[in-house]
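# Examination of the molecular architecture
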Amino acid sequence: MTDLFREPFPNSTWLLPKQDSTRVFDDATTLHFRDAHNYIHYLLYLPYRCRNYEKFFFRDENQKRIESVPWLILHSDQYFLPYLFLMPCFRPELDRLFPNRETVFHQLGRYLFSPSHQAWGFISTFYETFLSKADERIGIQIRVFNDSRGKSTPLVMKHVLSCIRKQGILNRTGNRAVLVASLSGDFYKELKVNAAGVGVYQASQEESQRLGDASHNMKAWVDMYLLSMCDVLLTSAWSTFGYVAHGLGGVKPWILQIPDIGGAGDGGEAECRRAVSAEPCFHNPPDFDCPEGFVSPVVRCEDVGKGMKLVNQH
């Protein structure tokens, strides 16, 4: 955390001293919600594939059970905030805090995730060198899943270029700069060839994702922040990396959803849709029965059929 971010709270810290964090985690329990109020430390997991007892968190009556717990340790890899807007116990306060629901992540992210001095050095140097003089900055984030050998690169590139042409992303006049964010350097090379007269740049080429690698995490954070500084974004479906970039920037991206990447054919025609809001998608929410007359603050995500995202109005 200290390598990537500056402390967001003046005269305080969001990091527990090591001895306290060790004690809290050692004492924490993951027992059923009905027993939560009996413990000082309660450990709650809300992973992508929530088990039934973990989904109890999203019920109003169970919030009463945990509000008296002194230490609630919550671990999640999901942006589950959209579902809290569906819960009566949270909705009034959330509406007061965020009258514009389409900028929730933008406001929270800009406040909480301020780059460390080292990260800002990388960001500002790259931006000033390659992007600052452009009239328009275009960010293209390409994430290919389940393709460790890069066999689908030509197919993905075909769809990226098709989306760029159909939406006229590079047709505007003026000095434009394109930032490519991808683990692979192949897309950067192809775009340099196909985007004549436009500056194409890439900050890093890591080739593979390396969990727990501090240097790798730093480059990822720099890429995300640089993308957030672009005026136009084209991002990859299902990619939380892309969600962070357009959420921080408050930009409604074009979302590229390439069908059947691992299939035998050419994958058919890719969808290239404009997002209805800059909010990230909650990939795997619990089911919600919408009462009659209820005006929902969420819609289904463009890229994830079951997912939900915040909007101001349908």
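Overview of the structure. (Residues numbered from 1 in each chain as written. Predicted model: local features only at pLDDT ≥ 70, side-chain atom pairs only at ≥ 80, totals over all residues. Heavy atoms only, no water.)

### A closer look at the side chain of Glu 136
- For Glu 136, the location among the structural elements is in strand β3 (residues 136–141).
- Excluding anything up to four places from it in sequence, Glu 136 contacts Ile 169, Arg 172, Asn 175, Arg 176, Ala 177, Asp 231 and Val 232. (Helix = DSSP H or I, 4+ residues; strand = E, 2+ residues; numbered from the N terminus. Contact = heavy atoms within 4.5 Å.)

### As for helix α9 (residues 214–228)
- Its 15 residues place the ends of α9 21 Å apart at the C-alpha level, agreeing with the 21 Å of an ideal helix rising 1.5 Å per residue.
- Across the 15 residues of α9, 11 count as buried, placing the element largely inside the fold.
- All of the buried residues in α9 are His 216, Met 218, Ala 220, Trp 221, Val 222, Asp 223, Met 224, Tyr 225, Leu 226, Leu 227 and Ser 228.
- Those residues of α9 that are buried are in contact with α5 (104–112), α6 (117–131), β3, β4 (176–181), β6 (232–236) and α10 (240–249).
- Of the residues flanking the start of α9, the one acting as N-cap is Asp 213, its side-chain oxygen 3.0 Å from the backbone nitrogen of Ser 215. (Expected span 1.5 Å × (residues − 1). Buried < 20%, exposed > 50% of the residue type's maximum accessible area, 1.4 Å probe, protein only. Polar contact = N/O pair within 3.5 Å; in protein donor to acceptor, adjacent residues only side chain to side chain.)

### A short note on the pairing of strand β1 (residues 41–46)
- Burial analysis of β1 places 5 of its 6 residues in the buried class, the great majority of the element.
- Bridging between β1 and strand β2 (residues 71–76) involves 6 bridges; their strand directions are parallel. In the strand pairing of β2, His 41 is matched with Trp 71. (Pairing = 2+ DSSP bridges.)

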